[in-house]
There are 2 protein chains.
Amino acid sequence: MQRRKFIQQTSTIGIIGIASQGFSIGKFVGTEEKVRCGFIGVGARGLSTLSLVLLRKDSVVTAICDIDPITTAKAVKAVTEAGYKSPTLYTDGEHAYKKLLDQKDIDVVFICTPWEWHTPMSVDAMKAGKAVACEVAGAMSIDECWQMVRTYEQTQTPFMIMENVCYRRDVMAVLNMVRQDVFGEMIHLEGGYQHDLREVKFNDGVNYYGGGVEFGDKGYSEAKWRTAHSLNRNGELYPTHGIGPVSSFININRGNRFEYLTSMASKARGLHKHITDHPKGGMNHANAKVDFKLGDVVTTNIKTANGESITLTHDTNLPRPYSLGFRVQGTKGIWMDVNKSMYIEGKSEPHRWESADAYSKTYDHPLWKKYENDASGAGHGGMDWFVLNAFIEAYKRKDPMPLDVYDHASWAVITCLSEQSISLGGEPQSFPDFTDGKWMSRKPVFALGEAY
Amino acid sequence: MQRRKFIQQTSTIGIIGIASQGFSIGKFVGTEEKVRCGFIGVGARGLSTLSLVLLRKDSVVTAICDIDPITTAKAVKAVTEAGYKSPTLYTDGEHAYKKLLDQKDIDVVFICTPWEWHTPMSVDAMKAGKAVACEVAGAMSIDECWQMVRTYEQTQTPFMIMENVCYRRDVMAVLNMVRQDVFGEMIHLEGGYQHDLREVKFNDGVNYYGGGVEFGDKGYSEAKWRTAHSLNRNGELYPTHGIGPVSSFININRGNRFEYLTSMASKARGLHKHITDHPKGGMNHANAKVDFKLGDVVTTNIKTANGESITLTHDTNLPRPYSLGFRVQGTKGIWMDVNKSMYIEGKSEPHRWESADAYSKTYDHPLWKKYENDASGAGHGGMDWFVLNAFIEAYKRKDPMPLDVYDHASWAVITCLSEQSISLGGEPQSFPDFTDGKWMSRKPVFALGEAY
């Protein structure tokens, strides 16, 4: 058994290359023990992830940090109602999380805080030797991305960016198709975040969603902090749900990399109109005078080292149905998300779309076949279960994280490069190579094994 | 009757502004006479337009110019079989069209030749006082666009760019919706030319489409000349089917204008693969050594003076179903072509797409309601009838052309600006203002009247 495991690990290391062969700080030592989890931020998103952790037999929640007493109480209740003892709490101000990081019986931390806290908290956690599961966001600066990378390289503390859409069932089926050459050589890809967030960006100060046009100090939950980014920044603010899956299709940082982007923003009308049209808003509401900088639709084009073009669309201020707008196009065919259709040369009736359903079933990813029942009922159609499972299982095995700090940096930096391009009238911006050239030799690891 | 007509014309002039109030050279004098048409180029496209002209009671074909005896014979046969006398022929070399322009009994010329001939032929025709109906294409140079504009301004000879997709039934219904404020203020638009042209770019040298991998001297019809553009140029080669309708939605050159664009091309794989995979091609075929410059997918983003963003996609080398990929998005809702769906705030079920069919029927454009029967059976689902009808009727009335030389120049120049942007690694390129500032005061005319 030990020998078999050794061979398996050696083989894995062979595949993934020297540069990311694991870590040495993690304190988890065997399958008998549970992974001891600390939560930094238990708002809407943190609470949801916490509830999934509580369902796992291999994990326990030992600490919670949040400055909001209401949400903290909800989290504690969730833990104790699951039959566990009450976790240690850290609630005393924005830097209370540093004390959590000193707590000894914590192996991993989940960072589910406002975007601007992801980097300092992740950096501090890695330095403290706590493996990091960090929620997704765009970066605040290019240097932030370098901080994450360099801290990881210095500490070798596991870091995973929790991009759940990489685990969406149809996305993983398409990944399976890409790997089995159904689409031929990859040529052009699209994705985005097209999600009407007006009732997330504004609420009544009490409830999570809508019911008013308040934000900032008078808002609640995401409206408290997320709206500030729409107020002050103009760019692709939330790139990862689109670019994460696309990256797995074309092996970004593992034989390929992003070279440059250009970005364009439309005018900004949606948020102002939402305020003035709202029954609790109107032209005389204080927020009707606010000038939101974020263009309603931001379009970003990325060129890769291997010659693929990628289009990302960020569209969160206007009335529209939710759609990530994926498109995967190669020399043999195309998949489009919005009409849930495919066209494969020689298989599809010439010049006609066909439903993607049959393909999605035929190429259902082995992980989804295996874990369908475990994932059912988990957030966002089950993908939240998969991203959590991947983090915990990779941690337990001391495997490299499937979505790592290089993925995080090259995805999150899109926000900064997009802002720069827009502010310069569309000038192209080069991507830093966060791998220092290692992208040329690194091999894919995402969703290749049977365990996660 | 005369008075009523005068009032109507005056009123029209009031709407369209001083700058484009018509022309003085046209020789057509009354509804009793027929519009005398000359055809320059009667290949696949010219022959199709000619057949529509022959169905009209108000037009007659008096001259044909083409250097291909086979297609010329087909055209002559079409004219005589329609009961008309045989037109005068001009077949003696590439400059024979100049002799056609000297022919006295020609009022208008249809230019349906390879792209690179559109400008010299249109310029010569305008100088000869023959009203021009010019087929669509991208420009060869920015100066070409200026030549068209300046020649029009000097001669005042009517010029219309024959962009048929502007008259597509669903496109005109959407235009109707835009004008009735169904979508609110325009924010973001998309369009393109996504059409698998591999069997147009390559054929067997005898038939129009496919059956071989020949082009240039060994190809036939479009493969003879169009493929050279894919061989030598990398850019948005065919912008008008996408940008024409979009321009009508946002009043380009009539209160709005294009400011700048950026363009990105994917790698070029599709045409080479088509040659090597083809039963009559293969790795040893001479054309397998040809290096095609045109990226398989070219994405272009355009920013307008009024703040809309536009994305155009050019995708003609890969297997895929035909789609122009329209998207019209405003502050109240969105239409998408690919899933034939709409979402209108307050009307659609929240967060759900609904079929665009009911909207298309409710907002069917008055011209389509009126002329549905006349258009049925005409090319491309009837829109070819409309674009021809618009040209002939505007000519007869001495009205300004609904799609004029400024539209042509600002659409066609996209090709050159796109090539420049791509060759400069995505740098933004500014649009010339072909209206010399008149866009600020010019008023919309497209599809506003009852006649065309």
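Residues numbered from 1 in each chain as written. Chains lettered and ligands numbered in written order. Predicted model: local features only at pLDDT ≥ 70, side-chain atom pairs only at ≥ 80, totals over all residues. Heavy atoms only, no water.

Asker: Would you take a moment to explain the domain arrangement of chain A for this structure?
Answerer: Often the size quoted for an interface is simply the accessible area lost on bringing the parts together. Residue and element names in this part refer to chain A. The domain architecture assigned to chain A consists of domain 1 (13–163) and domain 2 (166–366 + 403–440). Distance from the C-alpha centre of domain 1 to the C-alpha centre of domain 2: 25 Å. With 26 residues of domain 1 at the interface, the matching set in domain 2 holds 34 residues. Regarding the contact of domain 1 and domain 2, the summed buried area is about 2,800 Å², with carbon and sulfur atoms giving 65% of it. Sorting the residues of domain 1 by area buried against domain 2 places Trp115, Ile142 and Glu163 first, and these three jointly supply 26% of that buried surface. At the boundary of domain 1 with domain 2, the tally comes to two salt bridges. Between Asp436 and Arg150 there is a salt bridge, and its shortest N-O distance comes to 2.7 Å. Where domain 1 meets domain 2, there are 11 residue pairs in polar contact (both at pLDDT 80 or more). Ranked by residues supplied to the side of domain 1 that touches domain 2, first place goes to helix α6 (residues 142–155) with eight residues. In terms of residue class, the side of domain 1 that touches domain 2 is made up of 18 nonpolar, two polar and six charged. (Domains from an automatic or database assignment. Contact = heavy atoms within 4.5 Å. Buried area = accessible area lost by both parts, 1.4 Å probe. Salt bridge = Lys/Arg side-chain N within 4 Å of Asp/Glu carboxyl O. Polar contact = N/O pair within 3.5 Å; in protein donor to acceptor, adjacent residues only side chain to side chain. Helix = DSSP H or I, 4+ residues; strand = E, 2+ residues; numbered from the N terminus. Nonpolar A, V, L, I, M, F, W, Y, C, P; charged D, E, K, R; others polar.)

Asker: Explanation requested: the state of the cysteines in the structure shown.
Answerer: Think of a disulfide as a covalent bridge from one cysteine sulfur atom to another cysteine sulfur atom. The final tally for this structure, using the stated rule, is zero disulfides over all chains. Here Cys112 of chain A stays unpaired: no disulfide links it, and the sulfur of Cys134 of chain A, its closest cysteine neighbor, is 8.3 Å away. Take Cys112 of chain A: its relative accessible area is 13%, and that puts it in the buried class. Sulfur of Cys145 of chain B: no disulfide; nearest cysteine sulfur belongs to Cys416 of chain B and is 5.5 Å away. (Disulfide = S-S within 2.5 Å. Buried < 20%, exposed > 50% of the residue type's maximum accessible area, 1.4 Å probe, protein only.)

Asker: Any chance you could explain the relation of the copies chain A and chain B here in plain terms?
Answerer: In this structure, two copies of a chain are linked by a rotation about an axis accompanied by a shift along it. Of the two same-sequence chains, chain A is brought onto chain B (RMSD 0.0 Å, axial shift 0.0 Å) by a rotation of 180°. Here the two chains are linked by the operation of a two-fold rotation axis. (Least-squares fit on C-alpha atoms with pLDDT ≥ 70 in both.)

Asker: How do you make sense of the environment of Leu417 of chain A when you look at a structure like this?
Answerer: Secondary-structure assignment places Leu417 of chain A in helix α15 (residues 405–423). Once residues within four sequence positions are removed from consideration, Leu417 of chain A is found in contact with Ile142, Leu261, Gln429, Ser430, Phe431 and Pro432 of chain A.

Asker: I keep staring at the interface of chain A and chain B and nothing clicks. Help me out?
Answerer: Listed as interface residues are 50 residues of chain A and, on the opposing side, 50 residues of chain B. At the boundary of chain A with chain B, total buried surface from both sides reaches about 4,400 Å², with 59% on carbon and sulfur atoms. Interface area lost by chain A to chain B is led by Met264, Lys267 and Pro321 of chain A, which between them contribute 16%. Counting across the interface, chain A meets chain B through 10 salt bridges. Residue composition of the side of chain A that touches chain B, by class: 16 nonpolar, 19 polar and 15 charged.

Asker: What is the right way to read the sheet that holds strand β13 (residues 341–344) of chain B from this model?
Answerer: Backbone-to-backbone hydrogen bonds join strands into a sheet, with any given pair of strands oriented parallel or antiparallel. Residues and elements named next belong to chain B. The strand order across the open sheet formed by nine strands is β14-β13-β12-β11-β7-β10-β9-β8-β15, and the pairing between neighbours is mixed. With one partner strand each, in any of the chains shown, β14 (354–355) and β15 (429–430) form the two edges of the open sheet. Looking at chain direction, strand β11 (residues 327–330) and strand β12 (residues 333–336) are connected through three bridges and run antiparallel. Looking at β12, one finds that Val328 is bridged to Trp335. (Pairing = 2+ DSSP bridges.)

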